[in-house]
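Close look at the chain arrangement
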Amino acid sequence: MNWSDIISNALTAAVALNAAWFALAGIGLNVHFGYTGLLNFGQIGFAAIGAYGVGVSVTYFGWNIWIGMLVGILMAVVLALLLGLPTLRLRADYLAIVTIAAAEIIRLVARSVALRNFSGGSNGINGFSSQFYELSPFSASESYKIGPFFFSSGRLLFVTAVTWVLVVLAVGMVWLLMRSPWGRVLRSIKEDEDAVRALGKSAYSYKLQSLILGGVLGGIAGMMFAIGTATVQPDNFQPPQTFFIWAAMIIGGVGKVWGPVVGSMIFWALLSLTENILRPMASANYSVFGIFDFNTIMEGVQIGQIRFMLVGFGLLLLMVFRPQGLFGDKNEMALDDN
Amino acid sequence: MTTEAVADPLEGVAHVPGVPKPDPVIIADGVLRHFGGLIAVDVEHLEIQRGVITALIGPNGAGKTTFFNLLTGFDHAQAGTRVYNGRELDRRYEIPQWDQAKSTVIGLLGSLIGFMLGAFILARADDQSDPSLTYLVTGFVVAVGVFLYVRNKPGGPQSLAVYGTSTALGTALGTLFAVLVSPTSNWFSTTMAVGWLIGGGLGIGFWRWATGPLPSYEIAQLGMVRTFQLTKVLARLTVLNNMRLGAQNQRGERFLSALFQTWKTQEKEITAKADVLLDRFLLSKMRDEFAGTLSGGQRKLLEMAGVLMTDPEVVMLDEPMAGVNPALTQSLLEHVIELPADGTTVVFVEHNMDVVREISDWVVMMAEGRIIAEGPPSVIGQDQRVIDAYLGAHHDETLEELDKTELAEEVDQDLDEQEEMAEEVEDE
Ligand SMILES: Nc1ncnc2c1ncn2[C@@H]1O[C@H](COP(=O)(O)OP(=O)(O)OP(=O)(O)O)[C@@H](O)[C@H]1O
Ligand SMILES: [Mg+2]
């Protein structure tokens, strides 16, 4: 593999469906954590509930996909209420515990044998997305190459484009909201809830609103991911995914409108870069000083893990040298509460 | 002191702790707050007169801040009632005072009816063989459990009745939810369990809401607004945004208005109001800086200005002058003195007796959680108990009165000692 291919692959990864739905989920997480200070460690649970919402609506209830998407959004709202109503009065860590548990519960329940007819068990759900692709102007059998970006089918191009449009809409919405008095209350809550209460605002109600908004964005992200892969797989919604979304948000800059978008593009580009650089090394018998043979320490399967290690190391460096993320404001970061 | 021309509303009020006032805006009665064995606040009775400046004094740890927290809903007392502007703050709704037996019966009946209603809806909707008996039994067990749970809860037996009926409603709703979501499928009972949990949760929530105290933010909305001893400003918001946050009834603080940008004109009015206040509090220069860059004294000023943005009826200031430079203190005091002119009541905690004498119309003295003296500043300053408890042995000594030669001698002695020590060090 030559360098132009490697670069082209990385650029494609930066705009691919994965980056797009991560960006959308990240924007939701940013509403939670970046603006309101809510510790949501179960964003993937919102994505899962959105994905299952649409999948089950179409395959089990036989509704059309647009109603299914509404159901998915509604389910995300319900999940936010279930998680938020009991915990948002309590200290911040309660929400963290509940979200991380809920995300796993959703996945385990959905993949359980008892619910095989309903949510497909461990096989997941297939065959619910065709209605969506009927709208596609691109040919399903053709692959598309637009500049350095490569899409293996017109369907993929279509769903990716739609997801990016949603990302832009979400960014616009968050931008409008966060410079409004509503956003001002959220940002104040992140700093000091009591100060907000003392001025006559219900911190609880705003935290709930924030949890719902971010959760719905996570739900829509999961839906687009499911439609894009034409399947809802329970094991696509494992806990590490939540932390990848966190990583993407932190790379871009917490509390910055474009932070999660740029962050997830970089995250996926980095994964693609490391993969494409490491893989040929592993197969080509490189060695360092004749001691380390790359192909013994990195067999094909291990490359997946090693690239995450490298990305993790990169994150570590970022935290040391630019803790505010790429978009963050250093001066704002330096204002410690005192 | 307020303008001398107006008759003093507190004239003729006796100088004894807990004395009734002609027009009280706050009435605290039997307010008790202890932390484990330590009694922080134990106020038998206190009334705060409307439209005057009341100072709350007392030594460190007397319970002043805790009392502020209790009045404004930032902390909850173990006993007692608070009335603000004629409104009880400890109970949102007055519940009929039934006796134990009557409310027990009503409570139990209420929850039973709820669960049976649930079972009835079930029996109608469910075409499986005969599940309704199971549901009835479960319903009964749950209802009794609920009864046992609330029987001894604080808030008296009348809470039980409210709780029972609200759970009943909640459960009926829960069952209805189950019927609607999955009328015939084979995991009806799961849905119903979820429905009951949600219904029961709503019931408990409603019970606590209806019988519980008003939360702090609602008390603030009613016009009683406080500052904190440890200043709270929002460091990552600009000074101007800190001010804007104080404005009440903001359209833009509602989600849809925020999204559809229908708040711009109101924001302009709010900004204008904020600018006037910032000017008065000498913060205009810092208007667009992060509040985190302000000095300690400036933060005090900003916090107080932010409180005034809410158009409060009662302003509660916890040590507003602490850390503010003397020149600014004077202007701050002037702002405080002006407040009663438009009917605002001021309660403030202060350790500096000069300040207390200068601006307050009435002084309340706390020690070890109790109110130990009340009266106009001229009288309180002379009260022996106040002198003993608060001002300490050297209360009437000011710096000038101390013997100057004595001081000079002391200083000389100190210097000598230091020199000796320095020499010793050199020898080694
Ligand atoms: N959260 C708490 N937990 C335990 N004890 C507390 C708590 N808050 C206050 N206390 C205790 O209650 C007593 C009253 O404290 P409070 O802060 O009300 O005093 P204060 O009159 O405001 O004193 P200062 O003039 O120093 O501000 C103190 O003995 C304090 O230790
Ligand atoms: Mg105090």
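Okay, so let's go over this structure.

Parameters and conventions
- Residues numbered from 1 in each chain as written.
- Chains lettered and ligands numbered in written order.
- Predicted model: local features only at pLDDT ≥ 70, side-chain atom pairs only at ≥ 80, totals over all residues.
- Heavy atoms only, no water.
- Phe/Tyr/Trp six-rings, centres within 6.5 Å; stacked < 30°, edge-to-face > 60°.
- Lys NZ or Arg CZ within 6 Å of the ring centre and 35° of its normal.
- Donors = N, O, S within 2.8 Å, 3.2 Å for Na, K, Ca; no water.
- Helix = DSSP H or I, 4+ residues; strand = E, 2+ residues; numbered from the N terminus.
- Near = heavy atom within 4 Å.
- Polar contact = N/O pair within 3.5 Å; in protein donor to acceptor, adjacent residues only side chain to side chain.
- Areas by Shrake-Rupley, 256 points an atom, 1.4 Å probe, with all protein chains shown as cover.
- Nonpolar A, V, L, I, M, F, W, Y, C, P; charged D, E, K, R; others polar.
- Contact = heavy atoms within 4.5 Å.
- Buried area = accessible area lost by both parts, 1.4 Å probe.
- Salt bridge = Lys/Arg side-chain N within 4 Å of Asp/Glu carboxyl O.
- Axes fitted to C-alpha atoms, helices over the stretch in contact; angles between N-to-C directions.
- Parallel < 35°, antiparallel > 145°, perpendicular 65-115°, else oblique.
- Expected span 1.5 Å × (residues − 1).
- Buried < 20%, exposed > 50% of the residue type's maximum accessible area, 1.4 Å probe, protein only.

Okay, the packing of aromatic side chains next. For any pair of aromatic rings, the description rests on two quantities: the centre-to-centre distance and the angle between the ring planes. This structure, assessed with the given rule, holds 21 aromatic pairs over all chains. Its end group placed over the ring of A:W175, A:R179 keeps NZ or CZ at 4.5 Å from the ring centre.

Once that is clear, we can look at the coordination of the magnesium ion (ligand 2). Within the protein, the atoms that donate to the magnesium ion (ligand 2) are B:T65 (OG1) and B:Q229 (OE1), at distances of 1.9 to 2.1 Å. You can see B:T65 sitting in helix α1 (residues 64-71) and its partner B:Q229 sitting in the loop between β6 (224-226) and α7 (239-246), a full 164 residues away along the chain.

Turning our attention to the site of ligand 1. Residue and element names in this part refer to chain B. Neighbouring residues of ligand 1: 14 residues in total, closest N60, K64, T65, T66 and Q229. Between T66 and ligand 1, the recorded distance is 2.5 Å, taken from a side-chain N or O atom to an oxygen atom. Burial of ligand 1 by the protein chains amounts to 61% of its free accessible area of 640 Å². Where the shell around ligand 1 is concerned, the elements lending two or more residues are β2 (38-49) and α1. With three residues, the top contributor of residues to the shell around ligand 1 is α1. Grouping the constituent residues of the shell around ligand 1 by class yields five nonpolar, seven polar and two charged.

Before going further, it helps to examine the interface of chain A and chain B. In this assembly, 32 residues from chain A lie in contact with 38 residues from chain B. Overall, the association of chain A and chain B removes approximately 3300 Å² of surface from exposure, summing both partners, and the carbon and sulfur fraction of that is 62%. It is A:R184, A:L199 and A:L335 in chain A that bury the most area against chain B; as a group they hold 21% of the surface buried on that side. Along the contact surface separating chain A from chain B lie three salt bridges. The salt bridge involving B:E253 is made with A:K201; its shortest N-O contact spans 3.0 Å. Our count for the contact surface shared by chain A and chain B stands at 13 residue pairs in polar contact (both at pLDDT 80 or more).

To continue, consider the packing of helix α9 (residues 181-191) of chain A against helix α11 (residues 203-229) of chain A. Residue and element names in this part refer to chain A. Running from amino to carboxyl end, α9 crosses α11 at an angle of 105°, the nearest separation of the two axes being 10 Å. Overall, the two elements α9 and α11 adopt an arrangement that is roughly perpendicular. On α11, the residues touching W182, V185, L186 and I189 of α9 are A203, Y206, K207, Q209, S210 and L213. Here the residues of the contact of α9 with α11 are counted per class, giving seven nonpolar, two polar and one charged.

All names here are of chain B. The end-to-end C-alpha separation of helix α10 (residues 296-309) is 20 Å, in line with the 20 Å expected for 14 residues at 1.5 Å each. Among the 14 residues of α10, twelve are classified as buried, and the element is accordingly described as predominantly covered. Residues of α10 that are buried include every one of G297, R299, K300, L301, L302, E303, M304, A305, G306, V307, L308 and M309, and no others. On its buried side, α10 packs onto β6, α7, α9 (264-280), β7 (314-318) and α11 (326-338). Count one or two residues on from α10 and you reach D311, which has phi positive near 50°.

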